[in-house]
Amino acid sequence: MRLSRYFLPVLKENPAEAQIVSHRLMLRAGMIKQSAAGIYSWLPLGLKVLKNIETIVHEEQAKAGHWAMLMPTIQSADLWRESGRYDDYGEEMLRIKDRHGRDMLFTPTAEELITDIFRGHVTSYKDMPLTMYQIQWKFRDERRPRFGVMRGREFYMKDGYNFDLTKEDAMHAYNRHLVSYLRTYERMGLQAIPMRADSGPIGGDDTHEFLVLAETGESEVFYDSAVTDLTFGDRDINYDDKAQCQSIMEEFTTKYARTDETHDEALFAEVPQERRKVARGIEVGQIFYFGTKYSDAMGATVQDADGKQVPVHMGSHGIGVSRLVGAIIEASHDDKGIIWPEGVTPFHCGIVNLKQGDAEADAACEDLYNHLTKAGLEPLYDDRNERAGGKFATMDLIGLPWRLTVGPRGLKNGVVELTCRKTGESEELTPEAAIAKVIAQYT
């Protein structure tokens, strides 16, 4: 991708309406543009990051044995009346009528719809367990949408639903999701801490939120600092192994970590004083077990091994895909701009030509671009006829992990400059060595 042909409407000044870092940098980096309060168009750079996050979510869900599907954004109100949530959900639900006067709604979540799909096709315990999920746009009519994509009205979300014969099986699904979410977030360069939370309008007694610590977080959190020492790493996971999933669940949830809704001061006091921490957190996902709440209300039953009709046990599991874009920026930035982790970066490397139009510099940049592309990477080549300072500022703002700088002076010595965005460290290498080092970061 050549920057001269790319749509990247960067802003030099901070937008007045942006109150937090991620909102400010997403607007400045040309990632999004507000369409209405809490509703955004995703411009090419923002969409690339959004899709990279989505790909990681899909890959980790597939490893856990969950099946992707897609449900509509518009649902019939009748299903929500069956569950009893249509009147209870509140004003966040956008209620509409179609041209025939039928009550419809813009999906805030899909427990009812997925339950209707399940009850229409699954009748026997032999077809279970079953977990399906989607990544789809949702709408919740926030009273005060703010902070850009962090608290918008329209958002892109992964929502998954498990159907199991027993509570024991459903709790294994709960643990399985916790494990897969830990892997998902670490691949994005995040430490997301599972915290005991409130179930809200979803319902159920068992629920954990995944929160990224950040000063701009909307939730106050209380935790044992020992939880920040936990890492998932490159573990070999068998998602069918109930004991292994349970062990990991206990490892990551035994130490005290709670949101303000479930905070227990007496339990918190049992944590050694030097490890008691109070901070702010950004919610990036949540898992629920709610038993037979929806299957009882909507008649989602199967025949068990004894021939009896029994309601299925269910849970739901969400990841805020669009919210994660903002959360990653909140966790990874400096005063120059975004610092993308390599797992989600929109481009793997930036190439800056210090003297556009110079035959040797142009040829060297083209050669770097072609070698990286042939290696399966996607570089962004700044081939604009702009001053060097402006090119560097743009690269720092959009936050690509690596930058290759090419100029006549370096080429006379047979070198280009490779800069790490995270550390700011630069080194002069031959073009071949620089290419090899960039490729090594992604293999």
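Please refer to the structure higher up on the page.
Residues numbered from 1 in each chain as written. Predicted model: local features only at pLDDT ≥ 70, side-chain atom pairs only at ≥ 80, totals over all residues. Heavy atoms only, no water.

### Some remarks on the pairing of strand β8 (residues 154-164)
The cut-off we apply is this: Throughout, exposure labels follow a simple rule: accessible area from a 1.4 Å probe, protein chains only, divided by the maximum for the residue type, with under 20% read as buried, over 50% as exposed, and the rest as partly exposed. Secondary structure is summarised from DSSP: a helix means a run of H or I of at least four residues, a strand means a run of E of at least two, and numbering begins at the N terminus for each. Two strands qualify as a pair provided DSSP detects at least 2 bridges between them.
Burial within β8 is extensive, with 10 of its 11 residues counted as buried. Of the pairings in the sheet, the one linking strand β7 (residues 130-139) to β8 comprises 10 bridges and is antiparallel in character. Residue isoleucine 135 lies in a different strand from β8, and its bridge partner there is lysine 158. With 8 bridges connecting them, β8 and strand β16 (residues 313-320) associate as antiparallel partners. Within the sheet, the bridge partner assigned to tyrosine 161 lies in β16 and is serine 316.

### Observations regarding the pattern of salt bridges
Rules: The term salt bridge refers to a side-chain nitrogen of Lys or Arg lying within 4 Å of a carboxyl oxygen of Asp or Glu.
According to the stated counting rule, one finds 29 salt bridges in the structure shown. One salt bridge connects aspartate 396 with arginine 421, and the closest N-O pair in it is separated by 3.9 Å. Pair noted here: aspartate 396 is in helix α11 (residues 388-398) and arginine 421 is in the loop between β22 (416-420) and β23 (426-429), with a separation of 25 residues, a long-range link. Exposure remark for aspartate 396: the relative accessible area of 15% places this residue in the buried category. Here arginine 421 falls in the buried class, since its relative accessible area comes to 8%. The shortest N-O distance in the salt bridge between glutamate 417 and arginine 403 comes to 3.9 Å. Of this pair, glutamate 417 sits in strand β22 while arginine 403 sits in strand β21 (residues 402-406), and the two are 14 residues apart along the sequence.

### Some details on the sheet that holds β22
For the record, the criterion: What counts as an axis is a line fitted to C-alpha atoms, over the stretch in contact for a helix, and the angles between N-to-C directions run from 0 to 180 degrees. Should any heavy atoms of two residues lie within 4.5 Å, those residues are counted as being in contact.
Strand order in the open sheet made by the 5 strands is β20-β19-β21-β22-β23, with mixed pairing throughout. One side of each edge strand has no neighbouring strand; the edge strands of this open sheet are β20 (379-382) and β23. For this sheet, the mean inter-axis angle between neighbouring strands, taken without regard to orientation, is 20°. Relative to β21, strand β19 (residues 349-353) runs parallel, the two being bridged by 4 bridges. Bridged to asparagine 353 within β21 is valine 406. The strands that helix α10 (residues 359-374) touches are β19, β20, β21 and β22; relative to β19, the one it contacts most, it runs at about 170°.

### Side note on the nonpolar core
Nonpolar side chains tend to gather and get buried jointly when the protein is soluble and globular. As a reminder of what qualifies: Side-chain atoms within 4.5 Å are what join buried Ala, Val, Leu, Ile, Met, Phe, Trp, Tyr and Cys residues into a set we call a nonpolar core.
Judged by nonpolar contacts, the single largest core of 70 residues is most densely connected at Met31, Ile53, Tyr185, Phe210, Val284, Val325 and Trp340. At 8 residues, the largest contribution of residues to this core is made by helix α5 (residues 167-187). Apart from residues no more than four positions distant in its own chain, tryptophan 340 is found in contact with Met31, Val49, Val325, Ile328, Ile329, Thr345, Pro346, Ile398, Gly399, Leu400 and Pro401. Listed in part, the 27 residues of the second largest apolar core include Met71, Ala110, Leu113 and Tyr294.

### Some words on a negative patch on the surface
Selection rule: Patches draw on residues past 30% relative accessible area with no salt bridge. Two like charges within 9 Å are joined, as are two nonpolar side chains (Val, Leu, Ile, Met, Phe, Trp, Tyr) within 5 Å. Every accessible area reported is derived by Shrake-Rupley at a probe size of 1.4 Å, with residue values counting cover from the shown protein chains alone. Counted as positive: Lys and Arg. Counted as negative: Asp and Glu. His and the chain ends are not counted at all. By convention, the point assigned to a charge is CZ for Arg, NZ for Lys, CD for Glu and CG for Asp.
A cluster of acidic side chains, namely Asp198, Glu220, Asp260 and Glu261, defines a negative patch on the protein surface. Topologically, aspartate 260 is positioned in the loop between β12 (257-259) and α7 (265-268).

### Structural notes on unusual backbone geometry
The omega torsion of the bond from methionine 128 to proline 129 falls at 5°, within 30 degrees of zero and hence cis. Even without a glycine there, the phi angle at phenylalanine 147 is positive, about 65°. Structurally, phenylalanine 147 is set in the loop between β7 and β8.

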